[in-house]
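Given next are the chains, with one letter for each unit.
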Amino acid sequence: MDFITDFIKRGYHYQCTDLEGLRKITNERKIAAYIGFDCTAKSLHVGNLMQIMILRLMQQYGHKPIVIIGGATTKLGDPTGKDEMRKILSEEELAANKAGIKQSLSKFIKFGDGPSDAIMLDNSTWLDNIGYMEFLRDFGRLISVNRMLTMESAKARLERSQSLSFLEFNYMLLQAYDFCYLNKHHDCLLQIGGSDQWGNIIMGVELAHKMNAKEVMGLTTPLLTTSSGVKMGKSVNGAVWVNEEMLPPYDYFQFWRNIEDPDVVRFALLYSEWSAE
């Protein structure tokens, strides 16, 4: 079975900019693809676990996962699906959260220097040092505000007449720049994210094409709820954390033990390594 077929059979697929083109490329050669995580907590949680399992699946098929930790973008806050601006974290809090996320990911994927080993990069490495005038000169002329306003993350806030700060509006641009940078410096062909990230991913695909004259692709996963309509990863006590210092292993086990019967087969394909055949 090839990566894309397995990806679809497991229930990971929601949207792709060019699914058959991506299938063809991944069957012909190994690619690098990235998923980003903002570092708002000291652990990832079960709501992130589908993305983590996709990184693991990629690695099993010989592709190279790139994990982006949003050391820079966490300072802004992604407005996607949010009604309020995110709390600004200190540098010390960001550093602690980045270390915790690396711990979360290391349970599932292998980091190293091999061709299919994952690498972790912090986007503050390139975003913290970019000058505002430089950014406007090089990228501002390529980005349409009209286009940005059609994206759901911005449109939803504006339609509800809720404040969308200029700081948050820039998040879409910086995520697009991340993809452009990774494509240029790490030959990254693909960005993967939840379906709520589609607008941000499309902006990155378009910017990388304009700046690097290369075709890149975006792939999204469905936003999951349980059979009773609860957002995946939430419990009566809050988020179901991956790191044991944030949640006792027994409670983590109980979360999976108590999932509803109609969800068992679906979640087994998404969150375990049972064959999709």
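Residues numbered from 1 in each chain as written. Predicted model: local features only at pLDDT ≥ 70, side-chain atom pairs only at ≥ 80, totals over all residues. Heavy atoms only, no water.

J.: Any details on the pattern of salt bridges? Residues and values, ideally.
T.: With the rule as written, the count across this model stands at 11 salt bridges. Two residues, E28 and K24, come together in a salt bridge whose shortest N-O distance is 2.7 Å. Of the two residues, E28 and K24 are both situated in helix α2 (residues 19-28); the distance of four residues between them amounts to about one turn of the helix. Both residues of the pair, E28 and K24, count as exposed. Two residues, R137 and D138, come together in a salt bridge whose shortest N-O distance is 2.8 Å. Counted as one network, the salt bridges with shared partners bring together D2, E20 and R23. (Salt bridge = Lys/Arg side-chain N within 4 Å of Asp/Glu carboxyl O. Helix = DSSP H or I, 4+ residues; strand = E, 2+ residues; numbered from the N terminus. Buried < 20%, exposed > 50% of the residue type's maximum accessible area, 1.4 Å probe, protein only.)

J.: Quick rundown of a nonpolar patch on the surface? Include the residues and the values.
T.: A grouping of Y132, M133, L136 and F166 is seen on the molecular surface, where their side chains present a nonpolar patch of about 490 Å² in accessible area. If one sorts the elements of the nonpolar patch by residue count, helix α6 (residues 132-139) sits on top with three residues. Here L136 lies in helix α6. Taking the relative accessible area as the measure of exposure, L136 reaches 38% and is therefore partly exposed. (Patch = residues over 30% accessible without salt bridge, like charges linked within 9 Å, V, L, I, M, F, W, Y side chains within 5 Å. Areas by Shrake-Rupley, 256 points an atom, 1.4 Å probe, with all protein chains shown as cover.)

J.: Report on the side chain of S195, specifying residues and quantitative values.
T.: Structurally, S195 can be placed in the loop between β5 (188-194) and α11 (198-212). Ignoring sequence-local partners within four residues, the contact set of S195 consists of Y14, Q15, T220, T221, P222 and L223. (Contact = heavy atoms within 4.5 Å.)

J.: Kindly report on the pairing of β5, identifying the contributing residues and their values.
T.: Where burial is concerned, most of β5 is hidden: seven out of the seven residues are buried. Bridge analysis of strand β2 (residues 32-37) against β5 gives three bridges, and the strand direction is parallel. When the bridges of β5 are listed, Y34 appears paired with Q191. Note that β5 and strand β6 (residues 217-221) share five bridges and pair parallel. Residue pairing across strands places I192 opposite L219, the latter belonging to β6. Where the polypeptide runs from β5 across α11 and back to β6, its parallel neighbour, the crossover connection is right-handed. (Pairing = 2+ DSSP bridges. Right-handed = clockwise from strand over helix to strand, strands pointing away.)

J.: Please set out the nonpolar core residue by residue, giving values where relevant.
T.: In terms of nonpolar packing, the biggest core is built from 50 residues, with Y12, L22, F37, L105, L190, I192 and Y271 touching the most fellow members. Looking at this core element by element, the count peaks at eight residues for helix α3 (residues 49-60). When neighbours within four sequence positions are excluded, I192 is seen to be in contact with A33, Y34, I35, Q51, I54, M58, I201 and L219. Within the second largest apolar cluster, 34 residues are counted, among which are A72, F135, I201 and L207. (Core = buried A, V, L, I, M, F, W, Y, C linked by side-chain atoms within 4.5 Å.)

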